[in-house]
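Secondary and tertiary structure notes
Each chain, written out:
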Amino acid sequence: MNLASRDQQIIWHPYTQMQTASLPLPIVRGKKSWLYTETGEAYLDAVSSWWVTIHGHSHPYIAEKVAEQIKQLDHVIFAGFTHPPAVELAEKLLSLLPNNQKRVFYSDNGSTAVEVALKMAIQFWENQDKPKRLIIAFRDSYHGDTFGAMSVSSRSTFTQPFVQYLFQVDFIDVPIKGKEAQVIEQLTTLVQQGDVAAFIFEPLLLGTAGMVMYSPEVLNQLLKICQQHEVLTIADEVMTGFGRTGKNFACDYLTIQPDIMCFSKGLTGGVMALGVTTCTNAIYQAFLSDNPAKTFFHGHSFTANPIACTAASASLDLFKDPSCLENRQRISQEHEGFREEIKDHAAIKESRQLGTVLAIELNAGQTSYFNNIRQILYSYALENHVILRPLGNIIYVMPPYCTTNEELRQIYDVILGMLSLIANN
Ligand SMILES: *Cc1c(COP(=O)(O)O)cnc(C)c1O
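What counts and how
- Residues numbered from 1 in each chain as written.
- Predicted model: local features only at pLDDT ≥ 70, side-chain atom pairs only at ≥ 80, totals over all residues.
- Heavy atoms only, no water.
- UniProt positions renumbered as here; feature names shortened; annotations may be inferred.
- Helix = DSSP H or I, 4+ residues; strand = E, 2+ residues; numbered from the N terminus.
- Buried < 20%, exposed > 50% of the residue type's maximum accessible area, 1.4 Å probe, protein only.
- Contact = heavy atoms within 4.5 Å.
- Polar contact = N/O pair within 3.5 Å; in protein donor to acceptor, adjacent residues only side chain to side chain.
- Salt bridge = Lys/Arg side-chain N within 4 Å of Asp/Glu carboxyl O.
- Near = heavy atom within 4 Å.
- Areas by Shrake-Rupley, 256 points an atom, 1.4 Å probe, with all protein chains shown as cover.
- Nonpolar A, V, L, I, M, F, W, Y, C, P; charged D, E, K, R; others polar.

In the annotation of an unreviewed UniProt entry, the protein chain is listed under the name Adenosylmethionine-8-amino-7-oxononanoate aminotransferase and assigned to Adhaeribacter arboris. Comment text from UniProt for the protein chain, heading Pathway (unreviewed entry), reads "Cofactor biosynthesis; biotin biosynthesis; 7,8-diaminononanoate from 8-amino-7-oxononanoate (SAM route): step 1/1." Under the UniProt heading Catalytic activity (unreviewed entry), the entry covering the protein chain gives this text: "(8S)-8-amino-7-oxononanoate + S-adenosyl-L-methionine = S-adenosyl-4-methylsulfanyl-2-oxobutanoate + (7R,8S)-7,8-diammoniononanoate".

The following block contains the structure:
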């Protein structure tokens, strides 16, 4: 039996209706922006393998550092012990972050980074005997799949079976162009209740919502309102971090900085699972006490795994190299050129772009039609050896930064093909 069939006998895949799913594509090798099958067929990874791969697949520098580390120290309990990769990564990361970020807490992935942030925020108030109950989030947000992360995410088909188990969250709209004043008003009304512990948000770009974008100006205003009302702010940079939006972090576009930040995905260059939550000194201080009950009781078996920290540390070395920024700027320019090329296309409602992320919103038909067309478009791209996974009626490109202009052209040509498919449908 071939690999795909053996898989189909025993494996349950994420976000996949197993009854109707076609056989999974077996990948045995990755290099730069390409993934290869056993038989050597190549696929261009235009979605950075679920938004994680930033320097390309199996980068030799990261591979070498990881190989050295695994021979040296594989893992050690992180309560009562420490190790060089954890300390070095924390130092490197803090030097890149907004300068109000002073402490690093490790976990395993984006969802756990969010769980840690929420627990920090809630216990911050609790520890000061000023308990606050409410959390505010954007209505269309996505912060992960664990229960806390689901609670602060949009109520959708994904969360429907669990809805009665999710804690109460006050949602505000995403302040897209034209809606800014309305959202500022919504937030103002909510924070005046005085019982709000934190506001969690995806800065400037909501990925899962369909690459929805909003301005730094309005986010600054929202953060200011939170500050004025003693509401902690949590930036979920799990997707936007490490250069995706053009700057190092989406929060680098802001003049007001969040209290807590969450990272994962590109943190290790997309090589290993690792989550990080950082916070200000004020938050950290609220957990220092003679009273053991004020301890932050959270941890995972693999907290600060040395191999994962090494991968992240090596990824940051590559990230800090000037060629990384040059590549991001080059991709951004190519995206702009392509947007210009397709701006009058009949199938397109609008195109959006932030840094290396390009999103093309198709003229909306019925949702059911788009559920259908999404599958057709996905299959079409695969047949043409490009991995593109439209979100509903939104086609997006989020390539590794090493993707060349020729490879971008190949992606754009496949998108042009998708657009004519729609136009002829
Ligand atoms: C992907 C994502 C998460 C969840 O991260 P996982 O590692 O998949 O658990 C959280 N927040 C945002 C903004 C994300 O894009």
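**Thoughts on the UniProt feature "binding site: substrate" (unreviewed entry) in the protein chain**
Cross-referencing UniProt, the feature "binding site: substrate" (unreviewed entry) maps to Trp50, Tyr142, Lys265, Gly299 and Arg389 in the present numbering. These annotated residues cover 340 residues of sequence, and their C-alpha atoms reach 33.8 Å apart at the extremes, leaving them scattered rather than at a single site. You can see tryptophan 50 is positioned in helix H2 (residues 48–51). Along the chain, arginine 389 turns up in the loop between strand E15 (386–387) and strand E16 (394–397). On the accessibility criterion, arginine 389 (27% relative accessible area) is partly exposed. The contacts of arginine 389, once residues within four sequence positions are left out, are Val47, Trp50, Arg374, Tyr378 and Tyr396.

**Some words on the side chain of threonine 303**
Relative to the helices and strands, threonine 303 is located in the loop between helix H9 (281–285) and helix H10 (306–320). On the accessibility criterion, threonine 303 (10% relative accessible area) is buried. A polar contact is formed between the side chain of threonine 303 and the backbone oxygen of histidine 300, at a distance of 2.7 Å. Ignoring anything within four residues of it in the chain, the contact list for threonine 303 reads His75, Phe78, Tyr106 and Asp108.

**Some thoughts on the pattern of salt bridges**
Counted according to the given criterion, the structure contains 11 salt bridges. One salt bridge in this structure joins glutamate 340 and lysine 343, with 3.1 Å as the shortest N-O distance. On the accessibility criterion, lysine 343 (53% relative accessible area) is exposed.

**Digging into the site of the ligand**
In the vicinity of the ligand, the contacting residues are Trp51, Asn109, Gly110, Ser111, Tyr142, His143, Gly144, Glu202, Asp236, Val238, Met239 and Lys265. Measuring from a nitrogen atom of the ligand, one finds a side-chain N or O atom of aspartate 236 at 2.7 Å. Taken by itself the ligand offers 380 Å² of open surface, and the protein chains cover 83% of this. Of the residues assigned to the shell around the ligand, the class counts are four nonpolar, five polar and three charged.

**Points about the environment of phenylalanine 162**
By the element assignment, phenylalanine 162 lies in the loop between helix H6 (147–151) and strand E6 (170–172). Classification of phenylalanine 162 as partly exposed rests on a relative accessible area of 31%. Expressed as a C-alpha distance, the spacing of phenylalanine 162 and alanine 137, which sit 25 residues apart in the sequence, is 18 Å. Not counting the four nearest positions on each side in its chain, phenylalanine 162 is found in contact with Phe147 and Met150.

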